[in-house]
Amino acid sequence: MSQLASTSSTKPQSFKTRLARWRRTPIFYPLIGFIIVFIAMALINDNFLTGSNMANLVRQSSIIAIIAVGMSLAILTGGIDLSVGPVMALSGTVMAGLMVAGLPPSLAIILGLLVGAAFGAFNGVFVAFVGMPPIIVTLATMGIARGLGLIYTGGYPISGLPDSFAFFGRGSLAGIEVPILIMIAVYALGYVLLSHTATGRYLYAIGGNEEATRLSGIRVSRYKLLVYTLSGTTAAIAGLILTSRLMSGQPNAGVGFELDAIAAVVLGGTAITGGRGMILGTLVGAMLLGVLNNGLNLMGVSPYLQTVIKGLIILLAIYISRKRSP
């Protein structure tokens, strides 16, 4: 009898232990925040939980969510990438321009993705090998990418794309929209990279203590170059989806997307100083941001006020992140 009582008394304790461990993970508070905001929006607006609105919410969130994967890698290493919006627009316009010029969509897509990767690598060279601060480098290349997109298009959208190209932004497979499938694939690759490879461990180490990581024999500059190349690539993938959805290359696309990507990463529990975070937390952060944007739009809140709210939320998330940091 006493043995049974002893066994039953240990069960609540083990649950508390598991809960305490779960609370220490970066994804715990973002997930709680997502659930609270989701329930609040569902209670406030009757149209929020409709099937069409849910599909629209995830589809709209997919672009920022994909960009946020590359941003997560940059922030995890103690950096940042402010050029993702213009790089997305430049890659999309290059794809559109090449298709209008007669190239097959598959080749145009590959070249457009290479433009994004090349721009990311350009950022990485200056950050990793020249030693310039990431915020300065990417602020400069933000203007360069935006300017090149406007020069390439003459400031006008590029239309007349082949109908088959619409598949990437409007198509579906097995009842799931292609942008959502692409988002899932990008996050799956990001998860494997960070959680199941030596490269992922090195990225966390660089963000935690770059000098100690360098002294341990790890070539930090190579991994930083990889991070910014991947950030440019994810921006280009987002450009593919947006260009396909609009069926035109928009040189002014992506304005403010860097803010949304940073918000998704920080809301997902990644420390702004680097070294701590989870890629699944970034997905939760992107969905939380999507729910917030969608709900505020349904409520008729001014987009200007939404920007203010978003900024305040980012400040709050950074404050919580700093408080939780050891």
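See above for the structure.
Residues numbered from 1 in each chain as written. Predicted model: local features only at pLDDT ≥ 70, side-chain atom pairs only at ≥ 80, totals over all residues. Heavy atoms only, no water.

(A) Examining the side chain of Ser61 more closely. Its location among the elements puts Ser61 in helix α3 (residues 51-76). Here Ser61 falls in the buried class, since its relative accessible area comes to 4%. Here Ser61 is in contact with Ala286, Met287 and Gly290, once residues within four sequence places are set aside. (Helix = DSSP H or I, 4+ residues; strand = E, 2+ residues; numbered from the N terminus. Buried < 20%, exposed > 50% of the residue type's maximum accessible area, 1.4 Å probe, protein only. Contact = heavy atoms within 4.5 Å.)

(B) Molecular detail of a nonpolar patch on the surface. A surface patch of nonpolar side chains, amounting to about 520 Å² of accessible area, comprises Val125, Phe129, Val130, Met132, Ile135 and Ile136. Sorting the residues of the nonpolar patch by element identifies α5 (105-129) and α6 (134-153) as the ones contributing at least two each. If you trace the backbone, Met132 turns up in the loop between α5 and α6. (Patch = residues over 30% accessible without salt bridge, like charges linked within 9 Å, V, L, I, M, F, W, Y side chains within 5 Å. Areas by Shrake-Rupley, 256 points an atom, 1.4 Å probe, with all protein chains shown as cover. Salt bridge = Lys/Arg side-chain N within 4 Å of Asp/Glu carboxyl O.)

(C) Inspection of helix α13 (residues 279-298) at higher detail. A rise of 1.5 Å per residue sets the reference length of α13, with its 20 residues, at 28 Å; its end C-alpha atoms lie 29 Å apart and thus fit the reference within 8%. Of all the 20 residues making up α13, 16 are buried; the element is thus mostly covered by neighbouring parts of the structure. Positive backbone phi, at 80°, marks Gly300, one or two positions downstream of α13. (Expected span 1.5 Å × (residues − 1).)

(D) Seen up close, the packing of helix α4 (residues 84-100) against α6. Relative orientation of the contacting elements α4 and α6 amounts to 25°, with a least axis distance of 8 Å. Classified by the angle between their axes, α4 and α6 sit roughly parallel to one another. Seen along the crossing, α4 lies across α6 with a hand that is left-handed. In this structure, α4 contributes Gly85, Pro86, Val87, Ala89, Leu90, Thr93, Val94, Gly97 and Leu98 to the contact, and α6 contributes Met142, Ala145, Arg146, Leu148, Gly149, Tyr152 and Thr153. Its residues assigned to classes, the contact of α4 with α6 comprises ten nonpolar, five polar and one charged. (Axes fitted to C-alpha atoms, helices over the stretch in contact; angles between N-to-C directions. Parallel < 35°, antiparallel > 145°, perpendicular 65-115°, else oblique. Left-handed = near helix turned anticlockwise from the far one by under 90°. Nonpolar A, V, L, I, M, F, W, Y, C, P; charged D, E, K, R; others polar.)

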